[in-house]
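Remarks on the overall topology
One letter stands for each residue in the lines below.
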Amino acid sequence: MPRKPTRKGLVNKLDKAFSEFIRLRTANGNGYVQCVTCGKEDHWKNMDCGHFMSRKHMSTRWHEDNCQVQCKSCNVFRYGEQYKYSIWLGAEKADHLHQLSRQTQKFDNWDLEDMIKMYSEKVVELKKGLY
């Protein structure tokens, strides 16, 4: 009998599928994307899924407007370059995401499984358009 997936396992699986989706959605036919904060171009596999509002805020963790492609330098070593990120987003969207991040959002395991399925399917479709 298969084991029931743990919540942590579901969150990790969703993070992986969502990250791939974010990095692939703006990729050109050769798989190259551009960092929203510094403009560096690289292959989507070498870039990060950067969050405007931190991943600790569950209400915006998997919000597509909150996440964009960032290079590892901006996302990790420069802590996401939140100021530059906010300029890229625009004041209205940045303010909306900030307000949304302060709201409590609870996802049950069914929600997580649905999102895993949805983003995994989107990733498969996006990969078909590459190379």
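Refer to the structure presented above.
First, a word on what this report is: a plain description of the structure on this page. (Residues numbered from 1 in each chain as written. Predicted model: local features only at pLDDT ≥ 70, side-chain atom pairs only at ≥ 80, totals over all residues. Heavy atoms only, no water.)

**Quick word on the overall build of the protein**
Worth spelling out the cut-off: Each helix corresponds to a stretch of at least 4 residues labelled H or I by DSSP, and each strand to a stretch of at least 2 residues labelled E; elements are numbered beginning at the N terminus. Atoms counted for the radius of gyration: C-alpha only. Globule rule: 2.2 Å times the number of residues to the power 0.38. Working definition: with a 1.4 Å probe on protein chains only, accessible area under 20% of the residue-type maximum means buried, over 50% means exposed, and in between means partly exposed. Throughout, a contact is declared for two residues whenever any of their heavy atoms are within 4.5 Å. Surface exposure here means Shrake-Rupley accessible area, sampled with a 1.4 Å probe, where a residue is shielded only by the protein chains that are shown. Note that His is not counted, nor are the chain ends; the positive residues are Lys and Arg, and the negative ones are Asp and Glu. To locate a charge, take NZ of a lysine, CZ of an arginine, CG of an aspartate or CD of a glutamate.
Check the secondary structure of the protein and you find six helices and four strands. When the helices and strands of the protein are placed in sequence order, the string is α-β-β-β-α-β-α-α-α-α. Against the 2.2 N^0.38 benchmark of 14 Å for 131 residues, the protein shows a C-alpha radius of gyration of 15 Å, consistent with a compact globule. For the protein, with 131 residues in total, the buried portion stands at 42%. Taking the contacts inside the protein whose residues are at least 6 apart along the sequence as the reference set, 70% of them involve residues at least 24 apart. When the accessible surface of the protein is summed, it comes to about 8,300 Å², and 51% of that surface belongs to carbon and sulfur atoms. Taken together, the 23 basic and 16 acidic charged side chains of the protein have centroids lying 6 Å from each other.

**A look at the side chain of Glu-81**
Checked against the element boundaries, Glu-81 lands in the loop between α3 (72–77) and α4 (82–89). What Glu-81 contacts, discounting residues up to four positions off in sequence, is Thr-37, Gln-70 and Cys-74.

**Things to note about the nonpolar core**
The cut-off we apply is this: Among buried residues, those of type Ala, Val, Leu, Ile, Met, Phe, Trp, Tyr and Cys that are joined through side-chain atoms within 4.5 Å constitute a nonpolar core.
Counting 26 residues, the largest nonpolar core has Leu-14, Phe-18, Trp-62, Leu-112, Met-115 and Tyr-119 as its most contacted members. If you list the elements that add at least two residues to this core, you get α1 (7–24), β4 (67–70) and α6 (109–128). Per-element tally for this core: the top contributor is α1, with eight residues. Grouped together as the second largest cluster of nonpolar side chains are six residues, Phe-52, Met-53, Tyr-85 and Leu-89 included.

**Remarks on the pattern of salt bridges**
Put simply, the rule reads: Counted as salt bridges are all cases of a side-chain nitrogen of Lys or Arg within 4 Å of a carboxyl oxygen of Asp or Glu.
Taken as a whole and judged by the stated rule, the model has 11 salt bridges. Here Asp-15 ties to Arg-61 by a salt bridge, and the two come within 2.6 Å at their closest N and O atoms. Taken together, the residues Asp-15 in helix α1 and Arg-61 in helix α2 (residues 58–61) connect sequence positions 46 residues apart. Here Asp-15 falls in the buried class, since its relative accessible area comes to 14%. On the basis of relative accessibility, which here comes to 11%, the residue Arg-61 falls in the buried class. What emerges from the salt-bridge pattern is a single network uniting Asp-15, Arg-55 and Arg-61.

**Considering the packing of α1 against α6**
The condition is simple: To get an axis, a line is fitted to the C-alpha atoms, and for a helix only the part in contact is used. The angle between two axes follows their N-to-C directions and goes from 0 to 180 degrees. Angles are sorted into four bins: roughly parallel if under 35 degrees, roughly antiparallel if over 145, roughly perpendicular if 65 to 115, and oblique for all others. Less than a right angle of anticlockwise turn of the near helix away from the far helix marks a crossing as left-handed, whereas a clockwise turn marks it as right-handed. Three categories are distinguished: nonpolar for Ala, Val, Leu, Ile, Met, Phe, Trp, Tyr, Cys and Pro, charged for Asp, Glu, Lys and Arg, and polar for the others, with Gly belonging to the last.
Packing of α1 against α6 brings their axes to within 8 Å, and their N-to-C directions diverge by 30 degrees. As summarised for this structure, α1 and α6 are arranged roughly parallel, according to the angle between their axes. Helix-helix and strand crossings are classified by hand; for α1 and α6 the assignment is left-handed. Residues Arg-7, Leu-10, Val-11, Lys-13, Leu-14, Ala-17, Phe-18, Glu-20, Phe-21 and Leu-24 of α1 touch α6, and the partners they reach there are Asn-109, Leu-112, Glu-113, Met-115, Ile-116, Tyr-119, Ser-120, Lys-122, Val-123, Leu-126 and Lys-127. When the residues that make up the contact of α1 with α6 are grouped by side-chain class, the tally is 13 nonpolar, two polar and six charged.

**As for α6**
Note the threshold: To estimate how far a helix should extend, the number of its residues minus one is multiplied by 1.5 Å. Throughout, the arc means the angular range of directions from the helix axis out to the C-beta atoms.
Given a rise of 1.5 Å per residue, 20 residues ought to cover 28 Å, and the 29 Å separating the end C-alpha atoms of α6 matches this to within 8%. Here α6 has its buried residues at Leu-112, Met-115, Ile-116, Tyr-119 and Val-123. Within α6, the buried residues cover an arc of 105 degrees as seen down the axis, which keeps them to one side. Looking at α6, the residues exposed on the side facing more than 90 degrees away from the buried face are Trp-110, Asp-114, Lys-117 and Lys-128. In this structure, the buried residues of α6 make contact with α1.

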